[in-house]
Every structure is written in C-alpha cells, then in structure tokens.
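# Architecture and fold: a report
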Amino acid sequence: MIRINDIIEKVSSYSATADMDLIMKAYVFSAKVHQGQMRLSGEPYLVHPMEVAAILADLKLDAPTVVTGLLHDTIEDTLTTREELEGMFGSEVATLVDGVTKISKIHFKTKEERQAENFRKMILAMSNDIRVLLVKLADRLHNMRTLQYQPENKQRAIAQETLDIYAPLANRLGISWIKSELEDLSFRYLNQQVYYDLAAKVTKKKKERESYVEDAKRIINSKLEEHAIRGDVSGRSKHLYSIWRKMESRNVDIDQIYDLVAIRITVEDLRECYEVLGIIHSMWKPIPGRFKDYIAMPKGNLYQSLHTTVIGPFGERMEVQIRTSEMHRVAESGIAAHWKYKEGKGYDEKELKRFSWLRQLLEWQQELQDSREFMDTVKVELFPEEVYVFTPRGDVKSYPKGSTPIDFAYSVHTDLGHRCVGAKVNGKLVPLKYELKNGDIIEVITSPHHTPSKDWLKIVKSSRARNKIRAWIKTEERKHSITLGREICEKEFRRFSQNFAKLQKSGEIARSAKEFGFVSEDDVMAAIGYGKLSCMQLLGKLMPAEKIAERQERKPTTVEKVMGKLSRKPSGAIQIRGIEDVLVRFGKCCNPLPGDQIVGFITRGRGVTVHTADCALALESDPERRIEVSWDKGKEAALPVKIRVSCFDEKGILASITHAISDCEANIASASVQSTLDKRGVNTFELNVVDLNHLNRILSSIMKIKGVIKVERLKS
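Source: prediction; values computed, not measured.

### Quick word on helix 1 (residues 4–14)
- The set of residues buried in helix 1 consists of Ile-4, Ile-7, Ile-8, Val-11 and Tyr-14. Buried residues along helix 1 cover an arc of 140 degrees about the axis, so they all sit on one side. Facing away from the buried surface of helix 1 by more than 90 degrees, the exposed residues are Glu-9 and Ser-13.
- Structurally, helix 1 contributes buried residues whose contacts are with helix 2 (20–33), helix 3 (47–58) and helix 4 (63–71).

Structure (structure tokens):
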C-alpha cells in the first residue's frame, strides 16, 4: 500500500519547489472526509485517491495536480463542496476537482446519454486545463487495476468504455505506458479466455525471447562502437493487446507473429538517428513496406521515432525503433514531458498542435446535440491510424486510414467539400471513393452548383467531413419539411374553410406554435412536415372543437382517405411517446424484438419505423427524425425473426431442430436448408416469436441438440 511519504518523495525527486505542505494538507483532509468509507475490495476508500496521486507523481506532474488526485472524489462521494475546497486549497485545485467530478445528480434517459454528457463535461474542463484529463486517466487506471472486485456485468461495461475512450485518449496525449496498461487490462476482462491463453503462450517463450534480445543488443552495441556512436540499446516485449490485434488482423496464430520483440536504440541527436538506421539496414535485410519515418511525419500525438522491421539474428523478424533521448521522453510521458505549469510558461506552436484534436472535440460537443452521434464522432476521431498526404502547395495533412478526397476537401473548407465533384491524385483523375495513400498529392475539382450526397456518409472517414455532410442534409431536409408542412396545412385549412395565409400574417400560427413548445412558425411547419405533429392538432388550437367535429362528419376527400390509411393505430407491441394514431413498421434491416433496445425513425408518408438501437441504418439516420419509442409490456405480438443453425449433416438432425422450435411454441414461417461439401448443414429459419426471452429459449434449446455447432440470430 502506498504511503503519503512515498508520494512526497516522488514529487520532491523532480520538483524541489513543489508545495509539500499543500500535499500533506490534502492527504489529511481526504482521510478525514473519506473516513468510514470502504472500497469493494474491503480496503479503506482512502487507498484509491492515494494510488491516483501516486500515478500523477509518476507522470512528474505539479503539486496542484497531485493534490487534485488526493481530493478528486471529495465533491462526488462526500459532503464536501467546491466552495469548501476553494477556501482550503485555492481556486486552481477546486476547478480541477470539479472538472473531474461526474455529473451524478442529473437524470439521463439512457446509459449512452449519461456517458456522453459526462464526456462532454470532461472535454469542457479539459479545454481550460488539460490536467483534468490526466487526473481522470490516473483515476481510470487505478479503477481498472482493481476491477476484479466489481460484478461481471460492470467489469465488461467499464472495460469496454476504457478501450473505446480512455486508452485512445492516453494515446492522443502520447502517454504510451498508460495506454498499453489500459488496453491490456480491458482485454483481460472483455476476452478472458483468449487473454489468459495468450499470456501463457507469451510466458512460455519468455526465456527464448530474452536470449534473442541479448544477442541482438550485443551485435548492435558492437556496431555502434565501431562508428563511434553513443547510444542506449534496450529490448521490450510488445503488450498482449497489440499482439492479439496483430493476430486478428493477419488471421494467424502467435507462432506466426515474428516481431513480438522491439529493439529500441536511443541516441543523442537527430543526425545519428538516420546514421543508425543505415547501420541497421547494412547489417540485416529490411522487410519492404515495414519502414516508417515518424520523425519527418510525426503521429497525431507528436510521437517521433524511426521504425523498421528487419530479418535479424538467426533469420527471425525483429522490429527496431530509433529515436533521440528527447523523443523517447515524449514517447513515454507525452504531454507530461512538456509540462509548463510549474514554470509559468505558455505552450509553443509545436505543443499547441498537440491539442488541435482537443479543440475539434470542443467544437463537436457544441455542434452535436445527439448523444449517440457525439460519442460515435469521439470514438472515430480518437483512433490513431492515420494517412499523410500533401496539398498542391506541399503542406502535409493527416487523415484517418481509409479517408477519401471528400475528407480532404472538407478539411480545407466546408464550401470546398460541398462543391467537390472529383479529385486529381498525383495528377490523375480518381473517383471520390478513392482511398488516400501516404504521400499522395491531392487536388480537388469543384462545381458551383454541386451539393453533397447522402451516399458520401458511407465513404468518408473523418469526423469533420461526416458532421458537415450531416449538417447540410439536416438543413436541406428541414427546408423540405417546412415546405411540405405548409402545403399540408394549406390543403387542410381550406377543407375547414380557414385561410392559412391570413392566419400566418395575423400571427395566429406563430402563437399556436409557442403553445406546442416551438420557438417559431418554421419549427411547427417542420414538425408537421416530418410527421411529428399533425395538422389537426394545429387546427385544434385555432378552431372550436365543435366546428372541427362538424366538418369531420362529412364524406372524406381523396386526400383524407390516403391520410387515413397512414394514420392507423400503432402496432400493439409499441408505445410512441407524444404521438397517437400513427402507422408503425419494423425495420427489416434489424427485425427488432420485444426486449431489444429500440429507436423510432419518422419516415415521410410511412409513419414510424422501429429499429434496434445498434442498427447501422438507425445510427446513420437524421437525429431530428428519431423519436422515443418503447415496447408495450401489456401487449404481445408475434414478430418475425431469422435464425441460422450450423450443424453436422446427420440423419434426423433437421427433425430434431424443428421439434425443438415447436416445443418452444414458436411457428416456423419459412425455412432454407443447405448442405456443404465438408458434410455440414446450414439451415435458415424465419420464426414468429413473442420477445427476446422467447427467442433465447429457442436458441438455447437448439444448442442442446447433439450435432449442432452454432446457432445465431440474423439481423437482416
């Protein structure tokens, strides 16, 4: 267990002027307010803030940050107020603690919305002071180290969030050791069997690897001495998650991953980096396509190093990294290596570039109101695989891997993106779906009358391009919906002998709009155009109910007959918040069942389509046209679902499968049976089931049949 003297000793080793009294005062205060609180592990709660402070000291951060580590849970988990912290420790510490504190007292509709809003707050706090994120990373790292005490469902949820958000954030800040540890810990809880199998295989070859590293180091040191170059040569094993990702991407076993070890050579200056590269390539044959110059083209987090893979000693592949001492310091500690708070200095231009991604996140959190869309944007932007291209003037720009000329155009200017009709890459015309490659020179071709297409959302990779295209589509759809809403109102108002144009001029429509909670007349027209509000509801605010009833008793017009077909009662299984008498359909792309998380999407002229919350079509849909829907637990309706059963092609097995389905009281609407050359059967059934539990019972029953290999639900 860490002690306060250990923390003070760590801080004093790198900062003789740090306020040790403030750190001790924070320790005493934290011990007092957390007294009696226990962690799930059975340890006193104080252990957690102590460990967080120790991690921050390992990063060599200033005293206020270490103090924040000791106090970071006081506002959230005790009766302490921000004002109390400010009075005792100053506004700097109070602001940092408040930035780390979660939004725990606000009610959110969904877990995703809570996660998004917590992250929004953290981004806002980070924009004022990046130390908020460093404390948050230290907090998450210690929580991951003690995750075994959480229930299994929480272990998986926290590990997934860590892998999706916090490990990429650590990478963006360039703190490689935190990123690697968070990835390995997440991997352990998300895929335990694979993690422990891989760990056992790596451990088994440890001695062999260590011997190989020592031989490689001895050879390299000898060559450096020959060329009078002073350098430090070390070897390190790659962490488990990176090995597993390599195995997955190449679809190979660990025995076929040859570069499990990286040799790192640290030299004094930049010139020597390239000199050592030449020496390595003269000793061992380099593997084509495996050389990366991150010195000339640094990564997004400003990581710099030369990477090459060679056929090393004994004919085995070996990765070699070459960098200066300063580059190594930045690679290990990231932003903490350039800390300026303790010196009271600002950031230079190079360091400000390091935070450009943070400024982008800040802009997106202001622009994107939909929580799911915001989190998707964050996740896309944080993953670091990048491609580097040149503008016609020779400027270097980086983009996510798989980006297209459209991504390039939008990064230059929004209007250039909107008007993009084609591109020249290295002087040759290419289609808009062309994937950019390292070193490409891009020139955009535009047309003044061209506009974005919805199909672009399927091929762009950068968050900026995606957000700008969505914003344009949203604006255009709103314009169309306002026009459609007005057309519907004009026709309906005439039917009830009302002059729509006259009511507009008098301000009656605008006043009625405010009664529905809309800001302007355009808002209520857009809602009618989208189908969120009916024209009859608006008329109800402008005409006496008896006059409306009198008109409705007349014979319906053709338009009314069509509207009547669309305005059927919703499916008995679905409740739609705030809307009645609307046609409900289920998306054939995902076939939702009661028990699935669902979302509604208003389709013009076709009512509301219900999708599963994770359906790709629903995620790409316009957030303005999404609507909250839920399953009506009081009613049941048999809904179609497809399942696929893989089995050995044995006599009687098909009868056993259909019998299992029948025993679970499910009807088979259709079936498709195929035999493969390797004596296996692939059977697809469309069933009518009541809910997700019903389906799970069926799947479980089929899996118990001898000879069944796999059974799965098909979403499309």
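### Here we look at the sheet that holds strand 13 (residues 584–586)
- With mixed pairing, the four strands of this open sheet are ordered in space as 13-15-14-16. The strands lining the two open edges of the sheet, one partner per strand, are strand 13 and strand 16 (626–627).
- In this structure, strand 14 (residues 598–602) lies alongside strand 15 (residues 608–612), joined through five bridges in antiparallel fashion. Its bridge partner lying in strand 15, Ile-602 is registered against Val-608.

### Concerning helix 13 (residues 206–226)
- Given a rise of 1.5 Å per residue, 21 residues ought to cover 30 Å, and the 31 Å separating the end C-alpha atoms of helix 13 matches this to within 8%.
- Listed in full, the buried residues belonging to helix 13 are Arg-209, Tyr-212, Val-213, Ala-216, Ile-220 and Leu-224. Buried residues of helix 13 fall within an arc of 100 degrees about the axis and therefore sit on the same side. Those residues of helix 13 that are exposed and aimed more than 90 degrees away from the buried face are Lys-207, Arg-218, Glu-225 and Glu-226.
- Check the buried side of helix 13 and you find it contacts helix 12 (192–204), strand 1 (231–237), strand 2 (261–267), helix 15 (270–283) and strand 6 (317–324).
- Phi for Ala-228, located one or two positions after helix 13, is positive at around 55 degrees.

### Concerning the environment of Asn-5
- Position of Asn-5 relative to the elements: it lies in helix 1.
- On the accessibility criterion, Asn-5 (46% relative accessible area) is partly exposed.
- Taking the C-alpha atoms as reference points, Asn-5 and Met-24, separated by 19 residues in sequence, lie 8.9 Å from one another.

### Digging into the pairing of strand 20 (residues 680–689)
- Residues Gly-681, Asn-683, Phe-685, Leu-687 and Val-689 of strand 20 are buried on one face, while the alternating residues Arg-680, Val-682, Thr-684, Glu-686 and Asn-688, pointing to the opposite face, are not.
- The sheet contact formed by strand 18 (residues 639–648) and strand 20 spans 10 bridges and is antiparallel. Directly across from Val-645, in strand 20, lies its bridge partner Asn-683.
- Pairing between strand 19 (residues 667–675) and strand 20: eight bridges, direction antiparallel. Bridge pairing links Asn-667 to Asn-688 in strand 20.

### Brief notes about the packing of aromatic side chains
- What the rule picks out here adds up to 11 aromatic pairs.
- Aromatic side chains Phe-29 and Phe-89 sit 5.7 Å apart centroid to centroid with 75 degrees between the ring planes, which places their arrangement in the edge-to-face category. Note that Phe-29 is positioned in helix 2 and Phe-89 in helix 6 (residues 82–89), a separation of 60 residues in sequence. Comparing Phe-29 with Phe-89 shows no difference in burial state: the two are buried.
- What links up through ring pairs into an aromatic cluster is the set Phe-187, Tyr-195, Tyr-196, Tyr-241 and Trp-244.
- Its end group placed over the ring of Phe-89, Lys-25 keeps NZ or CZ at 5.4 Å from the ring centre.
- The positively charged end of Lys-541 is found above the aromatic ring belonging to Phe-516, 5.2 Å away from the centroid.

### Some remarks on the confidence of the model for the chain
- For the chain, the average pLDDT comes to 80, and 80% of its residues sit at 70 or higher.
- Note on residues 103–109: pLDDT is under 50 here. Beyond four places in sequence and across chains, it has 13 contacts.
- Residue range residues 339–347 is modelled with pLDDT below 50. Its contacts to residues more than four positions away, or to other chains, number 24 contacts.

### Looking at the packing of helix 9 (residues 131–145) against helix 10 (residues 152–172)
- Relative to each other, helix 9 and helix 10 sit at 140 degrees, their axes nearing to 11 Å. The orientation of helix 9 relative to helix 10 falls into the category oblique. In this structure, helix 9 crosses over helix 10, and the sense of that crossing is left-handed. Judged by residue contacts, Leu-133, Lys-136, Leu-137, Arg-140 and Met-144 of helix 9 engage Ile-158, Ala-159, Glu-161, Thr-162, Tyr-166, Leu-169 and Ala-170 from helix 10.
- Here the contact of helix 9 with helix 10 is built from residues that sort into eight nonpolar, one polar and three charged.

### Overview of the sheet that holds strand 9 (residues 420–425)
- Spatial ordering of the open sheet is given by 10-9-11, a layout of three strands whose pairing is antiparallel. The open sheet has two edge strands, strand 10 (428–430) and strand 11 (442–446), and neither has a second partner. Sheet twist, expressed as the mean angle between neighbouring strand axes with direction ignored, is 35 degrees.
- Most of the contacts of helix 20 (residues 405–412) go to strand 11, to which it runs at about 85 degrees, and overall it touches strand 9, strand 10 and strand 11.

### Brief notes about the environment of Gly-312
- When you line up the elements, Gly-312 lands in the loop between strand 5 (306–311) and strand 6.
- Looking at Gly-312, the relative accessible area reads 6%, which means it is buried.
- The spacing of Gly-312 and Lys-285 is 27 residues in sequence and 7.6 Å in space, taken between C-alpha atoms.
- Discounting residues that sit within four places of it in the chain, Gly-312 has contacts with Tyr-212, Trp-284 and Met-318.

### Things to note about the nonpolar core
- In this structure, Ile-7, Val-11, Ile-23, Leu-71 and Phe-89 are the most contacted members of the largest nonpolar core, which totals 69 residues.
- Among the elements that make up this core, the one with the highest residue count is helix 9 (eight residues).
- Not counting residues within four places of it along the chain, the set of residues in contact with Ile-7 comprises Ile-2, Met-50, Ala-53, Ala-54, Ala-57 and Val-66.
- In this structure, Ile-574, Val-629, Trp-631 and Cys-647 belong to the second largest nonpolar core, which totals 31 residues.

What counts and what doesn't
- Residues numbered from 1 in each chain as written.
- Predicted model: local features only at pLDDT ≥ 70, side-chain atom pairs only at ≥ 80, totals over all residues.
- Heavy atoms only, no water.
- Buried < 20%, exposed > 50% of the residue type's maximum accessible area, 1.4 Å probe, protein only.
- Helix = DSSP H or I, 4+ residues; strand = E, 2+ residues; numbered from the N terminus.
- Arc of directions from axis to C-beta.
- Contact = heavy atoms within 4.5 Å.
- Pairing = 2+ DSSP bridges.
- Expected span 1.5 Å × (residues − 1).
- Phe/Tyr/Trp six-rings, centres within 6.5 Å; stacked < 30°, edge-to-face > 60°.
- Lys NZ or Arg CZ within 6 Å of the ring centre and 35° of its normal.
- pLDDT = per-residue confidence, 0-100.
- Axes fitted to C-alpha atoms, helices over the stretch in contact; angles between N-to-C directions.
- Parallel < 35°, antiparallel > 145°, perpendicular 65-115°, else oblique.
- Left-handed = near helix turned anticlockwise from the far one by under 90°.
- Nonpolar A, V, L, I, M, F, W, Y, C, P; charged D, E, K, R; others polar.
- Core = buried A, V, L, I, M, F, W, Y, C linked by side-chain atoms within 4.5 Å.

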